[in-house]
Amino acid sequence: MVGSKRNLGIGDPDARLMLAVKAGDREAFVKLFESYAPRLVGYVDRYLQNRAVSEEIVQEVFLKLYRTRKRYTVQSRFSTWLYRIATNTALNAVRRRQHQKNREPFDEAMVGTDTAGQSADRIVDGRRLEKLIYRTIDALPPNQRAAFNLTRFAGCTYLETADVLGLSESAIKSLVFRAADTLRQAIDVDERRGASRSNTLRLVKR
Amino acid sequence: MMQDKYTEWIVAYLDDELGEAERTSFEEHLEGCASCREQLEGLSKTAQLVDALPTASPSAQFEQSSLERFDEELFRPSASSGRKLGWLTGPRLAALVGSGIAAAVIGVLVFSGWPTGKPHGEERAIADDLELYADYEVIVNLDLLQAIDTMELEGIDLVAPQAEVEVN
């Protein structure tokens, strides 16, 4: 979501398309879907780490977008409206999944996609680190997680993130910092454990 | 308290999200604060690791299957109403006509006038709402209803937020 500091929807071509959708225009709806759906799958996948489920969630987002089209007003950028629906839908899906305790296995297809030329140890370390990062993000409180994912993975500015979540910019600064700091600490602990594991292995091999 | 403020600015500084005055103030603080410099280094490394994570791309069939789903659920309401009235054929239809119900319905329509064209204005809005609520009754969409309910219960408004007026 690339945007200016001003978040008014006036002059936003996607807001104009959304107004056409509001009047029931299927072609405008399809244009918005084609334009946003691919990156939205990437964004939603940060919450669910499963491509098939993320694709279904993105479909739900667009179904909601159409069904609530009458409530859209051109007072902010279209992407703000879309990411708000997407964030709520993704967080609800996470909550439902946690509630049902039937979490799907980590999508291995997503991990280590560019491993050519790396040693086996580095690949294993890289995958472990990715899993650690995802697990840590999973465990963040919803508001920290949403602020972090929007700024890090959806390319939102802090002002846009504030608009999406209905918070102030200073609140976003604080939420993003706390999320990043939690990750930093988790990575630090993991590195210390990794160093300790390596030392233990070295001692065992002697 | 001041230290907390500067600590919370570290990621915003890395993300280039501090205003000019904040940035200058933060950089001056950084020169004399080893703790913030250390955190800056750690958070910079964290940001690099997170930014390097692979991003999921949609599958090859995603677009096509999505458009088919949208057509089915959003743009072909007649298909579902056709299914709903599918039982009203053959012997059942004959029985209904025979029972006199159809005659009564026809009588009411003749008396009040046959509806023509699509509803407009307020009628149109009501019709659209009815269409929306009719969808909610479909079991397959219960999750959608629950999600919207949850959002409303939690005070998360679906209406696009008001634009913030910049003070500066």
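What you see is a predicted model, and the numbers here were worked out from it, not measured in a lab.

Looking only at helices and strands, chain A features eight helices and zero strands. Sequence separation of at least 24 residues holds for 69% of the intrachain contacts in chain A that already meet a minimum separation of 6. Of the roughly 9400 Å² of accessible surface on chain A, 52% is carried by carbon and sulfur atoms.

In this section: the packing of helix 2 (residues 26–48) of chain A against helix 4 (residues 78–100) of chain A. Residues and elements named next belong to chain A. Their axes nearest at 10 Å, the elements helix 2 and helix 4 cross at an angle of 35°. Seen from above, helix 2 lies across helix 4 with right-handed handedness. On helix 4, the residues touching Leu32, Tyr36, Arg39, Leu40, Tyr43, Val44, Tyr47 and Leu48 of helix 2 are Phe78, Ser79, Leu82, Tyr83, Ala86, Thr87, Ala90, Leu91, Ala93, Val94 and Arg97. A per-class count over the contact of helix 2 with helix 4 returns 15 nonpolar, two polar and two charged.

Bringing empty space enclosed by the protein into the picture now. Under the counting rule described, the total for this entry stands at one cavity of 30 Å³ or more. Its boundaries defined by the atoms lining it, the largest cavity holds a volume of some 60 Å³. Elements supplying a minimum of two residues to the lining of the largest cavity: helix 6 (142–152) of chain A together with helix 1 (2–14) and helix 3 (34–51) of chain B. Ranked by the residues each element gives to the lining of the largest cavity, the list is headed by helix 3 of chain B, at three residues. Grouping the constituent residues of the lining of the largest cavity by class yields six nonpolar, one polar and two charged.

Moving on to the packing of aromatic side chains. Inspection of every chain in the model, using the stated rule, returns 17 aromatic pairs over all chains. On the numbers, 5.5 Å between centres and 80° between planes, the contact of Phe29(A) with Tyr66(A) is edge-to-face. Residue Phe29(A) is found in helix 2, and its partner Tyr66(A) is found in helix 3 (residues 51–67); the two are separated by 37 residues along the sequence. With 6.5 Å between their ring centres and 45° between their planes, Tyr6(B) and Phe26(B) make a pair best called tilted. Of this pair, Tyr6(B) sits in helix 1 while Phe26(B) sits in helix 2 (residues 20–31), placing them 20 residues apart in sequence. Every member of this aromatic cluster is reached through a ring pair, and the members are Phe29(A), Phe33(A), Phe62(A), Tyr66(A), Phe62(B), Phe70(B) and Phe75(B). One cation-aromatic arrangement involves Arg69(A) over Tyr66(A); the distance from NZ or CZ to the ring centre is 4.0 Å. The aromatic ring of Tyr6(B) is capped on one face by Lys5(B), whose charged end is 4.9 Å from the ring centroid.

Let's shift gears to the packing of helix 3 of chain A against helix 4 (residues 62–75) of chain B. For the pair helix 3 of chain A and helix 4 of chain B, the least separation of the axes is 11 Å and the interaxial angle reads 35°. Crossing geometry of helix 3 of chain A relative to helix 4 of chain B is assigned as right-handed. Every residue of helix 4 of chain B that contacts helix 3 of chain A at Glu55(A), Glu56(A), Val58(A), Gln59(A), Glu60(A), Phe62(A), Leu63(A), Tyr66(A) and Arg67(A) is listed here: Phe62(B), Ser65(B), Ser66(B), Arg69(B), Phe70(B), Glu73(B), Leu74(B) and Phe75(B). Per-class residue counts for the contact of helix 3 of chain A with helix 4 of chain B are eight nonpolar, three polar and six charged.

Turning our eyes to something else, we now look at the nonpolar core. Membership of the largest hydrophobic core comes to 44 residues, with the highest contact counts inside it found for Leu40(A), Tyr43(A), Phe62(A), Leu65(A) and Phe78(A). For this core, the secondary structure elements donating two or more residues are helix 1 (13–22), helix 2, helix 3, helix 4 and helix 6 of chain A together with helix 4 of chain B. Looking at this core element by element, the count peaks at 13 residues for helix 2 of chain A. With residues near it in sequence (within four places) discarded, Leu65(A) still touches Met18(A), Phe29(A), Phe78(A), Trp81(A), Leu82(A) and Ile85(A).

Below, the discussion takes up the pattern of salt bridges. Under the defined criterion, the tally for this structure stands at 15 salt bridges over all chains. Ionic pairing is found between Glu72(B) and Arg76(B), a salt bridge with its closest N-O pair at 3.8 Å.

Residue position: Asp45(A) is located in helix 2. Between the alpha carbons of Asp45(A) and Ala90(A) there is a distance of 8.7 Å; along the sequence they are 45 residues apart.

All right, on to helix 4 of chain B then. Residue and element names in this part refer to chain B. Counted at 1.5 Å a residue, the expected span for helix 4 with its 14 residues is 20 Å, and the 18 Å between its end C-alpha atoms agrees. Listed as buried for helix 4 are Phe62, Ser66, Leu67, Phe70, Asp71 and Leu74. Viewed end-on, helix 4 has its buried residues packed into an arc of 160°, placing them on one side of the element.

Turning to unusual backbone geometry, a few remarks are in order. For Gln49(A), which is not glycine, the phi dihedral falls at a positive 50°. Summarising the element assignment, Gln49(A) is placed in the loop between helix 2 and helix 3. For Gln49(A), a relative accessible area of 6% gives the class buried. Even without being glycine, Asp16(B) reaches a positive phi, approximately 55°.

Quick notes on the rules
- Residues numbered from 1 in each chain as written.
- Chains lettered and ligands numbered in written order.
- Predicted model: local features only at pLDDT ≥ 70, side-chain atom pairs only at ≥ 80, totals over all residues.
- Heavy atoms only, no water.
- Helix = DSSP H or I, 4+ residues; strand = E, 2+ residues; numbered from the N terminus.
- Contact = heavy atoms within 4.5 Å.
- Areas by Shrake-Rupley, 256 points an atom, 1.4 Å probe, with all protein chains shown as cover.
- Axes fitted to C-alpha atoms, helices over the stretch in contact; angles between N-to-C directions.
- Left-handed = near helix turned anticlockwise from the far one by under 90°.
- Nonpolar A, V, L, I, M, F, W, Y, C, P; charged D, E, K, R; others polar.
- 1 Å grid on protein atoms, 1.4 Å probe; cavity = no way out; pocket = protein on both sides within 12 Å on 5 of 7 lines; lining within 4 Å.
- Points joined across faces, edges and corners; volume = space filled by probe spheres on them.
- Phe/Tyr/Trp six-rings, centres within 6.5 Å; stacked < 30°, edge-to-face > 60°.
- Lys NZ or Arg CZ within 6 Å of the ring centre and 35° of its normal.
- Core = buried A, V, L, I, M, F, W, Y, C linked by side-chain atoms within 4.5 Å.
- Buried < 20%, exposed > 50% of the residue type's maximum accessible area, 1.4 Å probe, protein only.
- Salt bridge = Lys/Arg side-chain N within 4 Å of Asp/Glu carboxyl O.
- Expected span 1.5 Å × (residues − 1).
- Arc of directions from axis to C-beta.

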